[in-house]
Amino acid sequence: MASKDQSPASRLRLSDVVRVGASGPRARKTRTALSALGISIGIAALVGVLGLSESSKSALLDEISALGTNLLTVEAGGGIGAGDGELPETALASAARIPTVTSASAVWNVDADVYQNEYIPEGETGAINVVAADVDLVHTLRGDVADGRFFDETTAPYPTAVVGSVAAERYGIRDLDTPTYVFIGDDYVEVVGILEEFPLAADLDRSVILSQQAASTFFDADDSPSTVFVRVLDGTIDETRDVLPGNTDPENPEEVTVSRPSDALEAQAAADDALTTLFLGLGAVALLVGGIGIANVMVIAVIERRGEIGLRRALGATQAHIRRQFVTEAIILSVLGGIGGVAIGVAATFVYASSQDWRVIIPQEAAFGGLVGAVAIGAIAGLYPAMRAAKLAPTEALRA
Amino acid sequence: MNATAATTAARAVQATKVYGSGDNAVHALAGVDVAFGRGEFTCIMGPSGSGKSTLMHCMAGLDSLTSGQVFVGDLEVSSLDEQGLTNLRRDRMGFIFQAFNLVPTLSAEENIVLPLRLAGRSRDDDWFGRVVDTVGLTERLDHRPSELSGGQQQRVAVARALASQPEMIFADEPTGNLDSSTGTEILTFMRHAVDVFDQTIVMVTHDPYAAAYAHRVVFLSDGMIVDEMRDPDGDRVLDRMKQFGK
């Protein structure tokens, strides 16, 4: 008979460990599913939150870069001086002369009310106002015309109107296939264009726009622009920003407010980050709870399976074998949960991002990190129960 | 193979096992000297608390002695460390338990070859086939324990003990959970294994009629060997057991 030295070394091959470790979860499917669920929820939250925040951020950044971050707006007001609260009449021309400005446009207030037709009671304008603009406005704002056209040098002298996106919706103007009019002041004015949204100048969405030339001829338009929009060369934002007040209103430069509309959108992207961090924290808590759940289930499994453990020990399994069996079982539980979680997270991201017309972006760190994290959590959660299992004396375990 | 044992498979010398200490000390084994013959079916009998199971556990390397020695062949079991005991059980012992003790998540076949897998040994297909055939399990190898009757489960356990061709098989009340006809069947298999396969079996039981299948019965009382009987029959064993009550 083989002596102790000649007996084959104890072997538990990786495939055997996995098979033995998987036998428990396989035999108790409901419990497996429930205990893996905690991990699933945690990982799904992490993957989903990271996926959604990346997708939405990329959508926002796409929008910002499409609109350009080099647009500045110049408005009167904000100072405490003795000025008249208006930009000078020359403000647009002065701004356009700054060498770093590539294009400049302005809008003027028009003292007239606009209605869908003459039968609307006076004063019920629905918060739609009338403004005048120069012919470069759409170009400067990088806006788009949904239907019809914007003014050009040829049409500018004539009284025609272009409606902003919100105004068009309010008036029920969907296209210009048939002649369409709005009632401005005391006259019907033909609508020649419908604009898309201006995310960088949302006020204009609620406006009916006349050409500046026609407005001053046929209506009571201000001489001073209310807002000047300027596009500047990339990389010259700050210096242009510094010189704009002095150039546009040399007499009261301190009363001029210069702002950068894209800042608001970027702030929105940053705000999303804060929310993302919060959700990631929640996901991490869910993972922790999931890990504790697995440890819990494993402790119960060890108590329940004392007989099996004693039997294995009696039949020749070493303490290390038992330890490995239960750690493997915990890892299998948690990896199952992790795979489920990644799948749920990816699916949630895909569904939501698609519904928002965002590009679907699943950060690989989130998916792989989720799985690696699951393995680590399983190993840690399984360690204590496994050590308890290995320490059971074979006779004690068999008595149970 | 026959009533006179030519060699000794295992023996205990002044085996003592004490639980607790001081006034509370309980001598489960109080200096037991016993030897089990190779190729013999030996039965250990005695009233509850006589130390039968403790003796068997210490012989089998499942438990350790407080003092004294246990030998399996020439190997002194009482000197082995945990790893040594594990190797001893794995390579040289087979077990049959009262509660069958099959792994519920493994099929009958997987249960039978579990000791071989744990030892990293490949199975001998001829031997496996013969064992499975003998215990009549060929048709049920794919079943889980929960899908088998008690008798079938214990047959799996017997096959498991035989599969690794161990030096000794220890059986702890193997028929305790079975009705008498299935119990008879299991005992017949065990006796068959001794007579035909030349196995050595040590069995602990309460049941005088189970003891009748052994070549030799050893009586244990209060942690000591008090008597033994060769070629027992049920009634004689029962009569001897009745004396413990007095």
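Since the structure is predicted, the reported quantities are computational estimates derived from the model, not experimental observations.

1. A look at the overall build of chain A
Moving on, step 1. If you tally the helices and strands in chain A, you get 12 helices and 11 strands.
Moving on, step 2. Taking all 400 residues of chain A together, the buried fraction comes to 41%.

2. What to know about the nonpolar core
Moving on, step 1. Judged by nonpolar contacts, the single largest core of 118 residues is most densely connected at B:Met59, B:Val158, B:Ala159, B:Phe170 and B:Met190.
Moving on, step 2. With 11 residues, the single largest contributor to this core is helix α2 (residues 29-67) of chain A.
Moving on, step 3. Not counting the four nearest positions on each side in its chain, B:Met190 is found in contact with B:Phe41, B:Val158, B:Ala171, B:Ile201 and B:Tyr213.
Moving on, step 4. One finds A:Ala76, A:Val114, A:Phe150 and A:Val191 within the second-largest nonpolar core, a separate group that totals 55 residues.

3. Let's talk about the interface of chain B and chain A
Moving on, step 1. Residue-level contacts link 28 residues of chain B with 25 residues of chain A.
Moving on, step 2. Broken down by secondary-structure element, the contributors of at least two residues to the side of chain B that touches chain A are α2 (82-92) and α3 (108-119) of chain B.
Moving on, step 3. A per-element tally of the side of chain B that touches chain A places α2(B) first, with eight residues.
Moving on, step 4. Partitioning the side of chain B that touches chain A into residue classes produces 11 nonpolar, nine polar and eight charged.

4. Some words on the packing of helix α5 (residues 150-163) of chain B against helix α6 (residues 180-197) of chain B
Residues and elements named next belong to chain B.
Moving on, step 1. It is the contact of α5 with α6, at a shortest axis distance of 9 Å, that shows an interaxial angle of 15°. As summarised for this structure, α5 and α6 are arranged roughly parallel, according to the angle between their axes. The interaxial crossing formed by α5 with α6 has right-handed handedness. Of α6, the residues touching α5 (which contributes Gly150, Gly151, Gln154, Arg155, Val158 and Leu162) are Thr182, Glu185, Ile186, Phe189, Met190, Ala193 and Phe197.
Moving on, step 2. Residue composition of the contact of α5 with α6, by class: seven nonpolar, four polar and two charged.

5. Quick word on unusual backbone geometry
Residues and elements named next belong to chain A.
Moving on, step 1. Even without glycine at this site, alanine 127 takes up a positive phi of about 60°.
Moving on, step 2. A tally of 9 C-beta atoms within 10 Å means that alanine 127 is categorised as exposed.
Moving on, step 3. Notably, arginine 142 is not glycine yet its phi reads approximately 55°, a positive angle.
Moving on, step 4. Inspection of the secondary structure assignment puts arginine 142 in the loop between α4 (137-141) and β5 (145-148).

6. Focus: the confidence of the model for chain B
All names here are of chain B.
Moving on, step 1. This prediction gives chain B a mean pLDDT of 86; 97% of its residues lie at or above 70.
Moving on, step 2. Across chain B, element-level confidence peaks in strand β8 (residues 201-204) with a mean pLDDT of 93 and bottoms out in helix α8 (residues 234-242) with 85.
Moving on, step 3. Confidence over residues 1-5 falls short of pLDDT 50; this stretch has nine contacts with residues more than four positions distant or in other chains.
Moving on, step 4. Our summary of model confidence lists the complex with pTM equal to 0.63 and ipTM equal to 0.72.

7. Remarks on the sheet that holds strand β4 (residues 67-72) of chain B
All names here are of chain B.
Moving on, step 1. Here we have four strands laid out as an open sheet, ordered β2-β1-β4-β5, and antiparallel in their pairing. Strands at the two margins of the open sheet, each flanked by one partner only, are β2 (26-37) and β5 (75-76).
Moving on, step 2. Bridge analysis of strand β1 (residues 8-19) against β4 gives five bridges, and the strand direction is antiparallel. In the strand pairing of β4, arginine 11 is matched with phenylalanine 71.
Moving on, step 3. Packed on one face of the sheet, helix α1 (residues 52-59) meets β1, β2 and β4 and runs near 120° to β1.

8. Considering the environment of B:Gly73
Moving on, step 1. Residue position: B:Gly73 is located in the loop between β4 and β5.
Moving on, step 2. Look at B:Gly73 and you get partly exposed, because 17 C-beta atoms sit within 10 Å.

9. Structural notes on the sheet that holds strand β7 (residues 168-172) of chain B
Whenever strands of a sheet pair, they do so through backbone hydrogen bonds, lying parallel or antiparallel.
Residues and elements named next belong to chain B.
Moving on, step 1. Across the sheet, six strands lie side by side as β6-β7-β8-β3-β9-β10; this open sheet has mixed pairing. The open sheet has two free edges, formed respectively by β6 (93-96) and β10 (224-230), since each of these has just one partner strand. With direction set aside, neighbouring strand axes in the sheet form an average angle of 20°.
Moving on, step 2. As paired elements, strand β3 (residues 41-45) and β8 share four bridges and run parallel to each other.

10. Observations regarding α2(B)
Moving on, step 1. For α2(B), a buried count of eight out of 11 residues is recorded, marking the element as mostly surrounded by other parts of the structure.
Moving on, step 2. Listed in full, the buried residues belonging to α2(B) are B:Leu85, B:Thr86, B:Asn87, B:Leu88, B:Arg89, B:Arg90, B:Asp91 and B:Arg92.
Moving on, step 3. Summarising the contacts, the buried residues of α2(B) are in contact with α9 (306-315) of chain A together with β4, β6, α3 and β7 of chain B.

How each quantity is defined
- Residues numbered from 1 in each chain as written.
- Chains lettered and ligands numbered in written order.
- Predicted model: local features only at pLDDT ≥ 70, side-chain atom pairs only at ≥ 80, totals over all residues.
- Helix = DSSP H or I, 4+ residues; strand = E, 2+ residues; numbered from the N terminus.
- Buried ≥ 20, exposed ≤ 12 C-beta atoms within 10 Å, placed from the backbone.
- Core = buried A, V, L, I, M, F, W, Y, C linked by C-beta atoms within 7 Å.
- Contact = placed C-beta atoms within 7 Å.
- Nonpolar A, V, L, I, M, F, W, Y, C, P; charged D, E, K, R; others polar.
- Axes fitted to C-alpha atoms, helices over the stretch in contact; angles between N-to-C directions.
- Parallel < 35°, antiparallel > 145°, perpendicular 65-115°, else oblique.
- Left-handed = near helix turned anticlockwise from the far one by under 90°.
- pLDDT = per-residue confidence, 0-100.
- Pairing = 2+ DSSP bridges.

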